[in-house]
Amino acid sequence: MAPASPPPHPDSPASPARLVVLVSGSGTNLQALLDAIADEGAAGYGAEIVAVGADRADIAGLGRAERAGLPTFVCRVKDYADRAAWDRALAEATARYAPDLVISAGFMKIVGAEFLARFGGRTVNTHPALLPSFPGAHGVRDALAYGAKVTGCTVHFVDDGVDTGPIIAQGVVEIRDEDDESALHERIKEVERTLLVEVVGRLARHGYRIEGRKVRIS
Ligand code: GAR
């Protein structure tokens, strides 16, 4: 299926790019994007958030969107006959806002074939570990349990694997002897928010190409 709107690319970056942000929890990465857009203006930052979607209701992330005056939508897996129907509904809800980029910012679901048919190559995820190490839902806990000395965060394009898509940027965080999962995750999130804001702005302002596993930002 053809994408709902063309992705930004070097010759014709949308200005400002339309972002749909997907969240599942506290939404501090969403807030960092909102703050950057408020500080710089959509034209200066190069992007505007046009809607926020979630896989559950009553989460802080949706509250942040509502306070910012943004439209929201919720697609809960349990409301659909099966995972494919949920994925189709998520893709349709997202497509209504005609995004140039979809930002999975703490969205704790794997999107499926229908979503990727529409938004593959323009869906960006942020993950709290240095991929390809420690993919999945427990990236922070798994790095700590493994005894790694450094970890961090990875901003990458989403493909049909679990955290396997082309890497755009990474940030490194040292693991301290006294760290527990929560303390380490908080330090990762400080780096992650800055990285996500920087990467999304660059993609939106400059356009990009994905060549195999390499992401070239113009
Ligand atoms: C972030 O650390 C993000 O990397 C992680 O959830 C957190 C969301 O924080 N995502 C994953 O673990 C996905 N596998 P936030 O809701 O405060 O933005």
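An unreviewed UniProt entry lists the protein under the name Phosphoribosylglycinamide formyltransferase, from Streptomyces celluloflavus. The record held by UniProt for the protein lists under Function (unreviewed entry) the comment "Catalyzes the transfer of a formyl group from 10-formyltetrahydrofolate to 5-phospho-ribosyl-glycinamide (GAR), producing 5-phospho-ribosyl-N-formylglycinamide (FGAR) and tetrahydrofolate." On record in UniProt, under Catalytic activity (unreviewed entry), the comment for the protein is "N(1)-(5-phospho-beta-D-ribosyl)glycinamide + (6R)-10-formyltetrahydrofolate = N(2)-formyl-N(1)-(5-phospho-beta-D-ribosyl)glycinamide + (6S)-5,6,7,8-tetrahydrofolate + H(+)".

It is not clear to me how the overall build of the protein should be interpreted in this structure. Could you clarify?
A count of helices and strands for the protein gives 6 helices and 9 strands. In terms of overall dimensions, the protein has C-alpha extents of about 45 × 40 × 35 Å along its principal axes. Out of the 218 residues in the protein, the part that is buried amounts to 49%. Both charge centroids of the protein, one from 24 positive and one from 29 negative side chains, sit 2 Å from each other.

It is not clear to me how the nonpolar core should be interpreted in this structure. Could you clarify?
Nonpolar side chains tend toward joint burial in soluble globular proteins. By size, the foremost hydrophobic cluster in this structure holds 46 residues, and its most contacted members are Val-21, Leu-33, Ile-49, Val-52 and Ile-103. By residue number, the principal contributor to this core is helix 6 (residues 181-206), which donates 9 residues. When sequence neighbours within four positions are dropped, the list of residues in contact with Val-52 reads Val-21, Val-23, Leu-30, Leu-62, Ala-65, Leu-70, Pro-71, Thr-72 and Phe-73. With 19 residues, the next largest nonpolar core counts Val-20, Leu-22, Trp-86 and Val-158 among its residues.

Which parts of the structure should I look at to understand the confidence of the model for the protein?
Interpreting fine coordinate detail is not advised for predicted regions of low pLDDT. Per-chain confidence: the protein averages 94 in pLDDT, with 94% of residues scoring 70 or above. Note that residues 1-6 has pLDDT below 50 and, in this model, 13 contacts with residues that lie over four places away or in other chains.

What should I look at first to understand the UniProt feature "active site" (unreviewed entry) in the protein in this one?
Under the UniProt annotation, "active site" (unreviewed entry) lies at His-127. For His-127, the location among the structural elements is in strand 5 (residues 123-127). A distance of 2.7 Å separates a polar atom in the side chain of His-127 from the backbone oxygen of Phe-134.

Would you mind going over the pattern of salt bridges with me for this structure?
Close approach of charged atoms allows side chains with opposite charge to pair. In this structure the tally under the stated criterion is 9 salt bridges. Between Glu-211 and Arg-209 there is a salt bridge, and its shortest N-O distance comes to 3.0 Å. One salt bridge in this structure joins Arg-216 and Glu-211, with 3.1 Å as the shortest N-O distance. Members of the salt-bridge network, linked through shared partners, are Asp-55, Arg-56 and Lys-109.

Is there a simple way to explain the packing of helix 5 (residues 139-146) against helix 6 in this structure?
Helices that pack against each other are described as a pair by the angle of their axes relative to one another and the distance between those axes. Packing of helix 5 against helix 6 leaves a shortest axis separation of 9 Å and a crossing angle of 120 degrees. Crossing angle aside, the handedness with which helix 5 passes helix 6 is right-handed. Contacts from Val-140, Arg-141 and Leu-144 of helix 5 reach helix 6 at Glu-181, Leu-184, His-185 and Ile-188. When the residues that make up the contact of helix 5 with helix 6 are grouped by side-chain class, the tally is 4 nonpolar, 1 polar and 2 charged.

Rules of the game
Residues numbered from 1 in each chain as written. Predicted model: local features only at pLDDT ≥ 70, side-chain atom pairs only at ≥ 80, totals over all residues. Heavy atoms only, no water. UniProt positions renumbered as here; feature names shortened; annotations may be inferred. Helix = DSSP H or I, 4+ residues; strand = E, 2+ residues; numbered from the N terminus. Buried < 20%, exposed > 50% of the residue type's maximum accessible area, 1.4 Å probe, protein only. Lys, Arg positive; Asp, Glu negative; His and termini not counted. Charge placed at Lys NZ, Arg CZ, Asp CG, Glu CD. Core = buried A, V, L, I, M, F, W, Y, C linked by side-chain atoms within 4.5 Å. Contact = heavy atoms within 4.5 Å. pLDDT = per-residue confidence, 0-100. Polar contact = N/O pair within 3.5 Å; in protein donor to acceptor, adjacent residues only side chain to side chain. Salt bridge = Lys/Arg side-chain N within 4 Å of Asp/Glu carboxyl O. Axes fitted to C-alpha atoms, helices over the stretch in contact; angles between N-to-C directions. Left-handed = near helix turned anticlockwise from the far one by under 90°. Nonpolar A, V, L, I, M, F, W, Y, C, P; charged D, E, K, R; others polar.

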